[in-house]
There are 2 protein chains.
Amino acid sequence: MARHRHATELPSIGKLDRCAGQLGRQLSTLLREAIRRGELKPGELLPSTRHLASSLGVSRGTVLEAFEQLIAEGYLEAQAGAGTRVAAALSVGPNDGPHGGSKTRAPARDVAGPAAPMRLSTRAAAFAEISRQFAPLPPVPFAVSVPMGPTAPDDVWRRLGNRTRALRAAAPSGYDDPQGVPALRSAIADYVRRSRSVHCTPEQVIVTTGTQQGLYLSCQVLLDTNDLAWVEDPAYRGITGILESTGHQRGMVRVPVDEAGIDVEAGRAMAEHARAAFVTPSHQYPLGMPLSMARRNALLAWARANGAWIVEDDYDSELRYVGHPFPSLQGLAPELVVYLGTFSKILFPSLRLGYAIVPPPLVPAFCGARVLIDRHSPSADQHVLAAFIDEGHLDRHIRRVRLVYADRRQHLIAAIARWIPDELAWLQPGDQGMHLVLWLAEGTDDQRIASLAVEAGVAVRPVSPTYSAANARPGLVLGLGGYSDEQIDAAVKTLAKVLNSAARGRAASRAG
Amino acid sequence: MARHRHATELPSIGKLDRCAGQLGRQLSTLLREAIRRGELKPGELLPSTRHLASSLGVSRGTVLEAFEQLIAEGYLEAQAGAGTRVAAALSVGPNDGPHGGSKTRAPARDVAGPAAPMRLSTRAAAFAEISRQFAPLPPVPFAVSVPMGPTAPDDVWRRLGNRTRALRAAAPSGYDDPQGVPALRSAIADYVRRSRSVHCTPEQVIVTTGTQQGLYLSCQVLLDTNDLAWVEDPAYRGITGILESTGHQRGMVRVPVDEAGIDVEAGRAMAEHARAAFVTPSHQYPLGMPLSMARRNALLAWARANGAWIVEDDYDSELRYVGHPFPSLQGLAPELVVYLGTFSKILFPSLRLGYAIVPPPLVPAFCGARVLIDRHSPSADQHVLAAFIDEGHLDRHIRRVRLVYADRRQHLIAAIARWIPDELAWLQPGDQGMHLVLWLAEGTDDQRIASLAVEAGVAVRPVSPTYSAANARPGLVLGLGGYSDEQIDAAVKTLAKVLNSAARGRAASRAG
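Residues numbered from 1 in each chain as written. Chains lettered and ligands numbered in written order. Predicted model: local features only at pLDDT ≥ 70, side-chain atom pairs only at ≥ 80, totals over all residues. Heavy atoms only, no water.

Participant: Describe the domain arrangement of chain A, and please don't skip the residues or the numbers.
Facilitator: Taken as a whole, chain A is organised into domain 1 (23-105), domain 2 (167-391) and domain 3 (397-511). Using only C-alpha atoms to locate each centre, domain 1 of chain A and domain 3 of chain A end up separated by 66 Å. (Domains from an automatic or database assignment.)

Participant: Which residues make up the environment of B:Thr208, and what are the values?
Facilitator: Residues and elements named next belong to chain B. For Thr-208, the location among the structural elements is in strand E3 (residues 205-208). Residue Thr-208 is classed as buried on the basis of its relative accessible area of 0%. Taking C-alpha positions, Thr-208 is 61 Å from Arg-50, a pair spaced 158 residues apart along the chain. Setting aside anything within four residues of it in sequence, one finds Thr-208 in contact with Gln-213, Gly-214, Leu-217, Arg-352, Leu-353, Gly-354, Tyr-355, Ala-356, Arg-370 and Ser-377. Reaching out from Thr-208, the side chain makes a polar contact with the backbone nitrogen of Gly-210 at a distance of 3.0 Å. (Helix = DSSP H or I, 4+ residues; strand = E, 2+ residues; numbered from the N terminus. Buried < 20%, exposed > 50% of the residue type's maximum accessible area, 1.4 Å probe, protein only. Contact = heavy atoms within 4.5 Å. Polar contact = N/O pair within 3.5 Å; in protein donor to acceptor, adjacent residues only side chain to side chain.)

Participant: Describe the environment of A:Leu299, and please don't skip the residues or the numbers.
Facilitator: Residues and elements named next belong to chain A. Among the structural elements, Leu-299 can be located in helix H10 (residues 293-306). C-alpha of Leu-299 to C-alpha of Asp-445: the two residues are 146 residues apart in sequence and 34 Å apart in space. Excluding its chain neighbours within four sequence positions, the residues that come into contact with Leu-299 are Trp-230, Val-264, Ala-277, Val-279, Leu-291, Ile-310 and Leu-329.

Participant: Let's hear about the relation of the copies chain A and chain B: which residues, and what values?
Facilitator: Least-squares fitting of chain A to chain B yields an RMSD of 0.1 Å, with the transformation described by 0.1 Å of translation along the axis and a rotation of 180°. Classification of the inter-copy transformation places it as that of a two-fold axis. In terms of C-alpha distance to the rotation axis, chain A has A:Asn162 as its closest residue, with the C-alpha 3.0 Å off the axis. A shared interface surface links the copies, since 98% of the contact residues of chain A are contact residues in chain B too. (Least-squares fit on C-alpha atoms with pLDDT ≥ 70 in both.)

Participant: Which residues make up the sheet that holds strand E10 (residues 354-357) of chain B, and what values do they have?
Facilitator: Residue and element names in this part refer to chain B. Strands sit in the order E3-E10-E9-E8-E7-E4-E5-E6 across an open sheet of eight strands; the sheet is mixed. This sheet does not close on itself; its edge strands, each paired only once, are E3 and strand E6 (261-262). Contacting strand E4 (229-233), strand E5 (252-258) and strand E7 (276-279), helix H8 (residues 237-245) runs over the sheet at an angle of about 160° to E5. (Pairing = 2+ DSSP bridges. Axes fitted to C-alpha atoms, helices over the stretch in contact; angles between N-to-C directions.)

Participant: Would you mind going over the packing of helix H7 (residues 211-222) of chain A against helix H12 (residues 363-374) of chain B in detail, with residue names and values included?
Facilitator: Following both chains from N to C, one finds H7(A) and H12(B) inclined at 90°, their axes separated by 5 Å at the closest point. Here H7(A) lies roughly perpendicular to H12(B), going by the angle between them. Residue-level contacts link A:Gln212, A:Gln213 and A:Tyr216 of H7(A) to B:Val371, B:Leu372, B:Ile373 and B:Asp374 of H12(B). Here the residues of the contact of H7(A) with H12(B) are counted per class, giving four nonpolar, two polar and one charged. (Parallel < 35°, antiparallel > 145°, perpendicular 65-115°, else oblique. Nonpolar A, V, L, I, M, F, W, Y, C, P; charged D, E, K, R; others polar.)

Participant: If you had to explain the side chain of B:Ser379 to someone new, which residues and values would you point to?
Facilitator: Structurally, the position occupied by B:Ser379 is in helix H13 (residues 379-390). Under the relative-accessibility criterion, B:Ser379 is labelled buried at 2%. Apart from residues no more than four positions distant in its own chain, B:Ser379 is found in contact with A:Ser350, B:Ser173, B:Asp176 and B:Val181.

Participant: Break down the pairing of strand E8 (residues 309-313) of chain A for me, citing the residues and quoting the values.
Facilitator: All names here are of chain A. For E8, the buried fraction is high: five of the five residues fall into the buried class. A two-sided burial pattern is seen for E8, the buried positions comprising Trp-309, Val-311 and Asp-313 on one face and Ile-310 and Glu-312 on the other. For the handedness criterion, the β-α-β arrangement of strand E7 (residues 276-279), H10 and E8 is classed as right-handed. Alignment of E8 against strand E9 (residues 337-342), held across four bridges, turns out to be parallel. Residue Asp-313 lies in a different strand from E9, and its bridge partner there is Leu-340. (Right-handed = clockwise from strand over helix to strand, strands pointing away.)

Participant: Explain the packing of aromatic side chains to me, and be specific about the residues and the numbers.
Facilitator: Remark: the centre distance and the inter-plane angle together describe each pair of aromatic rings, the angle taken between the planes. Applying the stated criterion across every chain yields a total of 17 aromatic pairs over all chains. With a centroid separation of 5.5 Å and 80° between ring planes, the pair formed by A:Tyr236 and A:Tyr285 is classed as edge-to-face. Separated by 49 residues along the polypeptide, A:Tyr236 in the loop between strand E4 (229-233) and helix H8 (237-245) and A:Tyr285 in the loop between E7 and H10 bring together distant segments of the chain. Neither residue differs from the other here; A:Tyr236 and A:Tyr285 are each classed as buried. For the pair B:Trp157 and B:Phe348, a centre-to-centre distance of 5.4 Å together with 80° between the ring planes defines the contact as edge-to-face. (Phe/Tyr/Trp six-rings, centres within 6.5 Å; stacked < 30°, edge-to-face > 60°.)

Participant: Explain the packing of helix H6 (residues 182-196) of chain B against H13(B) residue by residue, including any values.
Facilitator: All names here are of chain B. The contact between H6 and H13 brings their axes to 8 Å, and the two run at 40°. The angle between the axes of H6 and H13 places the two elements in the oblique class. Here H6 and H13 pass one another in a crossing that is left-handed. Residues Ala-183, Leu-184, Ala-187 and Arg-194 of H6 form the contact with H13, whose participating residues are Gln-382, Leu-385, Ala-386, Ile-389 and Asp-390. (Left-handed = near helix turned anticlockwise from the far one by under 90°.)

Participant: Please provide a residue-by-residue account of the interface of chain A and chain B, values included.
Facilitator: Reports of interface size often rely on the accessible area that becomes lost once the parts have come together. On the side of chain B, 125 residues touch chain A, which itself brings 128 residues to the contact. Of the roughly 10600 Å² buried where chain A meets chain B, counting both sides, 61% is carbon and sulfur surface. Across the contact surface, chain A and chain B share zero salt bridges. At nine residues, the largest contribution of residues to the side of chain A that touches chain B is made by helix H12 (residues 363-374) of chain A. The residue makeup of the side of chain A that touches chain B, split by class, is 66 nonpolar, 37 polar and 25 charged. (Buried area = accessible area lost by both parts, 1.4 Å probe. Salt bridge = Lys/Arg side-chain N within 4 Å of Asp/Glu carboxyl O.)

Participant: Before we move on, could you go through unusual backbone geometry and cite the residues and values that matter?
Facilitator: Outside of glycine, negative phi angles account for most residues, and trans bonds account for most peptide bonds. The omega torsion across A:Asp233 and A:Pro234 is 10°, close enough to zero to call that bond cis. By secondary structure assignment, the location of A:Pro234 is in the loop between E4 and H8. Across the junction of A:Tyr285 and A:Pro286, the peptide omega takes the value 0°, indicating a cis bond. Structurally, the position occupied by A:Pro286 is in the loop between E7 and H10. Non-glycine residue B:Arg352 carries a positive phi angle of around 55°. Within the secondary structure, B:Arg352 is located in the loop between strand E9 (337-342) and E10. In this structure, B:Arg375 takes a positive phi of about 70° despite not being glycine.

Participant: Describe helix H7 (residues 211-222) of chain B, and please don't skip the residues or the numbers.
Facilitator: All names here are of chain B. For H7, which comprises 12 residues, the first-to-last C-alpha distance of 16 Å matches the rise-based estimate of 16 Å (1.5 Å per residue) to within 8%. Across the 12 residues that make up H7, a large majority, 12, are buried. Every buried residue of H7 is listed here: Thr-211, Gln-212, Gln-213, Gly-214, Leu-215, Tyr-216, Leu-217, Ser-218, Cys-219, Gln-220, Val-221 and Leu-222. (Expected span 1.5 Å × (residues − 1).)

Next comes the structure, spelled out in structure tokens:
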């Protein structure tokens, strides 16, 4: 392409589509592409705006708009009285640009791969595996906590939401307090005081997106890089996944669990000077038994003696079907316990609201860690939830849901007794929570069973990933939801088929 | 307390309040406290339920309920035919329990501090400092992006929200896809394609809670422990805070910024083999200039040659007041750019919804990292936002807000010219975004000025924390919001007073 002044060839940059409008924008795109392709070269002088307007048949304003845009972007440069040129700074070597040197136009997305291959980090692979393990289940038995029929707070929640969002306080607003909306923090403090014997003021409440974020924040705030932490064996995959991915893999001490909960003596023998213990005292996850009083005392005694923090994951504490819920560890030792709870499961998981109750010296650190992760929880639903609690809807909802889940649980237990042979699978005893553990015969590959079950339309999670590799046992987590008798029966029968077929496969391979 | 069989002294455990109801629960609380105080000792035999019921004047069912609860909690143990005893397992040493050995009842919260002092982690102190720096500002000038009057989407957003939440898809539901609701991912892909020349499919869109979470996830996924990363100097405090707190402090390479944006040659000289570069090409944060085309090419050339990722924070790209927005780096090299955007500022910050557009091989890792942090964004508002975009409300809102902010910006510039003397402070040139930088005279302590301004009712953030210590310059970030002329004028006058008074203080201390 020649470099003489009046670029009669400029129309070859492409066609303007007069019907599509935005002619200035179209022209700047065409010129930008010509520069990228090398058809207009660094330093090259462009026609005057008047000349170009006339040769393209557009207004001079259109050309001016395109030139201004490209000057702002750094493609062109203008000097008073000297016309407009392609920016000299663009000559940074023939292959620097994505299309540098190429004469044929190629959309950026079709460009061949980069010069150096894009290597994924080691952590990216670990995160991809977590993603696989947590892949969402369809809303069918036995996905946990699927709000349906009597377990869904739909109408009350929606009407209260519409009313609350119409108020000034809950209308769209600017950045909010990372600790949470004051009305919700007060409502939560009242709720945990009366329902869980938690000792706290609203100033100790950090609104979270749920227990998962409470665990994440606790790891961030409580542990330095080389600190040790006790984690139950088995434990919620959410906590082991966090520690594995945030540089604490080697610091994670898996402490065995027996029928009284976490074995404190074993923990002391393994890591007396751990900085924190992550425990599920109301209802061990996933096994379901409570931590005995003797163990509670022993755990607190250890923590006190060592200045260690206890992170009390009090998930599902509302769902105790016999007696009333256990008092919290936090109530026994508020100064060394971070207490975590969530509304996600008892209300509905897609709400994403929970809470951490933390000792006062930790409040600023939890807020700072939260700011860096996501600033704060969305504000409007915090106001809705505060009203929902204050007006008594949460208590009523919990009473109703507790009855429904108790009933669903009994039906599930009966269906399993009826259709699944004892030698293939048996239930873990337990009297609370939103799931049951179904143990599988030794040698069963629970991850494979879970995959086959999901393929057959039954949503279950394997138990073995909750254990350390050395202690893994095969089993399935069967979540409760607002499912009908018919749904539960059909799913148990399907699961029985999957288990029977896998057992025949194992028998055949032993025989063969 | 004697250990004979019929414990006539049991009523001394406290009084039942017959008016308060829940007698079983009251009784279990009283018995539990008596055990904690040591008045009932491990192994001690309790009266029969019949006897206790009669001596307390309650039904036998009430006593049975309390006993069952305490057996479940591990305080009591029952043997068939042998009565009910205080659990022998409770004898774990006199000082193990929070009240062990004490004869006087003290609520747990009043217990003296733990035996070992609770030491905060090193990171806790860093997080507390972050919390201070990000403390929420009141909704007055110059807090950024406070939706008021014409910049608030209130009525349309609320009515559409009420309508959308009444639909089955947006009603309360179970755990959702960590990647985001499909309808919103499609709407986002369309939006960034037409407005920002981003090349992507909905499968590459990860719904986030905003740019802050996009940056957090990028750090988690792209960087291994000892990797180096380029970060602009100055840069958004949100990104430097993340790297400091997640073990990448030493890997953070602060690359200087000049009038053409990040100095790529300087970056190569400092850390040729960095794994990622975090940049703000549309609008450098906080300075406001775009990255020139030559620098864009040089940055991409470096990334290609080294297999390095580019994280493109495209914040505020909607708010360009001259010409149309810049095309994205992502559009030039979709295979090596993670593109971040947010609806929080253009719509309203308390919404907490944004997006990351990532190369396909990174999608599972981003989902896994997201699961561990908080599972997923709340679902209902994702549906509302998808409808808001699809029905054209977002485009209309952006057009309206752009005019309002352009006008507010001009008014602010004029007010500063009128009331703040040039020798005290001057504006950074720039023609886009939701804030202006007001530079302060050398030697001014901008953090102190910001504190004094906030005390005087004017909300500003200091600029110096955005720089590395060596390059820090004093200045203030003045955010735009839907403020009235009167609010802006009053705030500028107050700010002028604060600056004048501080300048007189400096002059006096130099003279003195």
